[in-house]
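Inside the fold
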Amino acid sequence: MAMTEEAMRERKEYAKKAGWKIFAIWLVLSLIGEVLVLYVWGPHMPPGDMTTSAASQQFDFKVLTAMVVPVLLMVWVYGAWSLINFHATKTDRGDGIPLRGNRRVQGIWYVTSAALVLFLAGFGTYELINGNGVGSGEGPSPIWKPTAKHMLVVQVIAQQWRFTYRWPQFGGMETTSIDLPADTTIQFDVTSLDVIHDFWAYQLGVKADANPDVNNVAYTTTSNQLGRFTVRCDELCGIWHGAMYNYGHVVSKSAFYTWASNMEAQNASVTKLLPPFATTYTPSYSGAGGGYYPSYDPNGHAVTY
Ligand SMILES: [Cu+2]
């Protein structure tokens, strides 16, 4: 049935009014949503800001959420408006009003979505290239290195089913737990003794694969925020994979150096027999007796700190 001129005009009038109302509701909700995302939820978003890499990941989450909120709200407000105003009542047996697209609204929607997606492509690429604070394993020859002169080196050695830490700057001492000083740039050298594991210190924003015979280097810088962090294996590595986790702490610099010096002294009689650091951590190839390190290691080389 063709519409009369009168009905046409009425419908256009309605669409215009409804359009502006929907826009106003969306605008108000979006502004409220953005304030909540950036100032209420944002500071508590994972993984926190215990390190530069964690803070940078939290920033990325904030940007993504802030961009998603207005888009989501537009869909919800539009949907809710339609449900409330255009739903059929129980007794209604007639056709609904004939619908026509609004090219201008559709055009704005397409252009805006395209702009958002293009921005995200650029932003994502930049965040990947800009290594500062990414906190992921960069392999044995990192392209990006922090500028800090003094770095605390921690070798993370994974095995079924635990993590061991070696501290080359403290005589190569070994510990089963990991404490880190606040306000310090850390270099993690991650490797494995057996199968593929993954060193994931969630609150530090650090995640690096632990592969046998590979030295996977990851950097981060701790902030002044002291506290506990979790270390998990994030690669299914065997039957007790789920139990392969422990906790570490970011402590004050003085507390850390007191602890580390004590541990170094306690371990001295054992660690003097071992090199303070080797890029791989391979038991003797013969498997019997002999040194823990092969005298010739084809996969790595000793490094002096
Ligand atoms: Cu594992």
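Computed from a predicted structure; not experimentally measured.

1. Here's the deal with the sheet that holds strand 3 (residues 173–175)
As summarised here, the arrangement of the 5 strands in space is 3-2-1-5-8, forming an open sheet in which the pairing is mixed. The two strands at the open ends of the sheet, each matched to only one other strand, are strand 3 and strand 8 (216–221). Strand-to-strand twist across the sheet, computed as the mean angle between neighbouring axes with direction ignored, equals 25 degrees. Looking at chain direction, strand 5 (residues 185–192) and strand 8 are connected through 6 bridges and run antiparallel. Residue pairing in the sheet places threonine 185 in a bridge with threonine 221 of strand 8.

2. Digging into the confidence of the model for the chain
Averaged over every residue, the pLDDT of the chain is 86; residues scoring 70 or more account for 90%. Mean pLDDT per element in the chain: strand 3 is the minimum at 88, and strand 6 (residues 197–201) is the maximum at 96.

3. Here we look at the packing of aromatic side chains
Each pair of aromatic rings is reported with the distance of its centres and the angle of its planes. By the definition in use, this model includes 16 aromatic pairs. Taking 5.8 Å as the distance between ring centres and 85 degrees as the angle between the ring planes, the aromatic pair formed by tryptophan 20 and phenylalanine 23 counts as edge-to-face. Placement of both tryptophan 20 and phenylalanine 23 in helix 1 (residues 5–41) is noted, with a separation of 3 residues, approximately one turn of the helix. When its relative accessible area of 59% is taken as the criterion, tryptophan 20 is described as exposed. Note on phenylalanine 23: relative accessible area 37%, which makes it partly exposed. Where tryptophan 167 meets phenylalanine 256, the ring centres are 5.7 Å apart and the plane angle is 50 degrees; that geometry is what we call tilted. Residue tryptophan 167 is located in strand 2 (residues 162–167), and its partner phenylalanine 256 is located in helix 4 (residues 253–271); the two are separated by 89 residues in the primary sequence. Side by side, tryptophan 167 and phenylalanine 256 carry an identical accessibility label, which is buried. The ring of tyrosine 247 carries arginine 228 above its face, with NZ or CZ at 4.0 Å from the centroid. If you follow arginine 232 out to its NZ or CZ, it ends over the ring of tyrosine 245, 4.5 Å from the centre.

4. Quick word on the coordination of the copper ion
Surrounding the copper ion are the protein donor atoms His197 (ND1), Cys233 (SG), Cys237 (SG) and Met244 (SD), which sit 2.0 to 2.6 Å from the metal. Its 4 donor atoms give the copper ion angles of 95 to 122 degrees at the centre, a pattern that matches the tetrahedral case. Read in sequence order, the donor residues coordinating the copper ion give the pattern H-x35-C-x3-C-x6-M. Taking relative accessible area as the criterion, cysteine 237 reaches 5% and is therefore assigned buried.

5. Considerations on the pairing of strand 4 (residues 178–181)
What you see with strand 4 is no split at all: Ile178 and Leu180 on one side and Asp179 and Pro181 on the other are buried throughout. Here strand 4 pairs with strand 10 (residues 245–251) via 4 bridges, running parallel. Across the sheet, residue isoleucine 178 finds its bridge partner in strand 10, namely glycine 248.

6. Observations concerning the packing of helix 1 against helix 2 (residues 52–86)
At a minimum axis separation of 9 Å, helix 1 and helix 2 run at an interaxial angle of 145 degrees. By crossing handedness, the relation of helix 1 to helix 2 is classed as right-handed. Residue classes in the contact of helix 1 with helix 2 are distributed as 18 nonpolar, 4 polar and 3 charged.

7. Some remarks on the nonpolar core
If you look at the biggest cluster of nonpolar residues, it comprises 33 residues, and the most contacted ones within it are Trp167, Leu180, Phe188 and Phe199. The leading source of residues in this core is strand 1 (residues 151–159), at 4 residues. Apart from residues lying up to four places away in sequence, leucine 180 is in contact with Leu152, Val154, Trp167, Ile186, Phe188, Leu204, Thr222, Phe229, His249, Val250, Val251 and Phe256. Membership of the second largest hydrophobic core comes to 7 residues, among which are Val37, Ala66, Val69 and Met74.

What counts and how
- Residues numbered from 1 in each chain as written.
- Predicted model: local features only at pLDDT ≥ 70, side-chain atom pairs only at ≥ 80, totals over all residues.
- Heavy atoms only, no water.
- Pairing = 2+ DSSP bridges.
- Helix = DSSP H or I, 4+ residues; strand = E, 2+ residues; numbered from the N terminus.
- Axes fitted to C-alpha atoms, helices over the stretch in contact; angles between N-to-C directions.
- pLDDT = per-residue confidence, 0-100.
- Phe/Tyr/Trp six-rings, centres within 6.5 Å; stacked < 30°, edge-to-face > 60°.
- Buried < 20%, exposed > 50% of the residue type's maximum accessible area, 1.4 Å probe, protein only.
- Lys NZ or Arg CZ within 6 Å of the ring centre and 35° of its normal.
- Donors = N, O, S within 2.8 Å, 3.2 Å for Na, K, Ca; no water.
- Tetrahedral: all angles 85-135°; square planar, octahedral: opposite > 155°, others 65-115°.
- Left-handed = near helix turned anticlockwise from the far one by under 90°.
- Nonpolar A, V, L, I, M, F, W, Y, C, P; charged D, E, K, R; others polar.
- Core = buried A, V, L, I, M, F, W, Y, C linked by side-chain atoms within 4.5 Å.
- Contact = heavy atoms within 4.5 Å.

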